[in-house]
Amino acid sequence: SSRVLWTLAVTQFSKTVTTNYRVDVNATLAVAAEFAHAFPRTVTDEKTNEPKTIPAANTFSVGALYKVAPSATVRAKINQDALISVGYSEAIRTGLTLNLSAQVDAVKMTENKVSLGLKFDA
């Protein structure tokens, strides 16, 4: 059976409202979405010391997590700017985790990233 989780968060001084929606489709697959709205605000420009208005902004992303083995997961996410992120994580043994990730900008195609990591837990 599926499990649904919905959250709503308001940041300090009500600058941003964020809502998350996650559905655990089954024991190996979860899908999620996040929407955030940042309210317009006025800040002081550090160079000129003059007030500057930052306009309202919205962000949106959808993603999924798939458990490919008891110790390995694949994650994928895309946001409103067409940034596509994919990650693979596997617990090699107790205290050692391998992480592989990539991020592709589907619009610019010039700002792509790839990373490899090992995490050691004491």
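Residues numbered from 1 in each chain as written. Predicted model: local features only at pLDDT ≥ 70, side-chain atom pairs only at ≥ 80, totals over all residues. Heavy atoms only, no water.

Moving on, we come to the layout of surface pockets. One simple way to see leftover space: roll a probe sized like a water molecule over the atoms. In this structure, the largest pocket occupies an estimated 280 Å³ of space. Forming the boundary of the largest pocket are 15 residues, of which Ala 64, Leu 65, Arg 75, Ala 76 and Lys 77 lie nearest the centre. For the lining of the largest pocket, the per-class residue count stands at eight nonpolar, four polar and three charged. (1 Å grid on protein atoms, 1.4 Å probe; cavity = no way out; pocket = protein on both sides within 12 Å on 5 of 7 lines; lining within 4 Å. Points joined across faces, edges and corners; volume = space filled by probe spheres on them. Nonpolar A, V, L, I, M, F, W, Y, C, P; charged D, E, K, R; others polar.)

What follows deals with unusual backbone geometry. When glycine is set aside, most residues are seen to have a negative phi, and most peptide bonds are trans. Even without glycine at this site, Ala 82 takes up a positive phi of about 65 degrees. At Met 109, a position not held by glycine, the phi torsion is positive, near 55 degrees. Inspection of the secondary structure puts Met 109 in the loop between β9 (96-105) and β10 (113-120). (Helix = DSSP H or I, 4+ residues; strand = E, 2+ residues; numbered from the N terminus.)

A few words on the confidence of the model for the protein chain. When the pLDDT values of the protein chain are averaged, the result is 90; 98% of them are 70 or greater. Per-element averaging of pLDDT across the protein chain places strand β1 (residues 3-10) at the bottom with 85 and strand β7 (residues 72-79) at the top with 97. (pLDDT = per-residue confidence, 0-100.)

A few words now on a nonpolar patch on the surface. A cluster of nonpolar side chains, namely Phe 35, Phe 60, Val 62, Ile 78, Ile 84, Val 86, Val 104 and Met 109, defines an oily patch on the protein surface of about 620 Å² accessible area. Those elements that place two or more of their residues in the nonpolar patch are β6 (57-69) and β8 (83-93). Take Val 62: it is sitting in strand β6. With relative accessibility at 33%, the residue Val 62 sits in the partly exposed group. (Patch = residues over 30% accessible without salt bridge, like charges linked within 9 Å, V, L, I, M, F, W, Y side chains within 5 Å. Areas by Shrake-Rupley, 256 points an atom, 1.4 Å probe, with all protein chains shown as cover. Salt bridge = Lys/Arg side-chain N within 4 Å of Asp/Glu carboxyl O. Buried < 20%, exposed > 50% of the residue type's maximum accessible area, 1.4 Å probe, protein only.)

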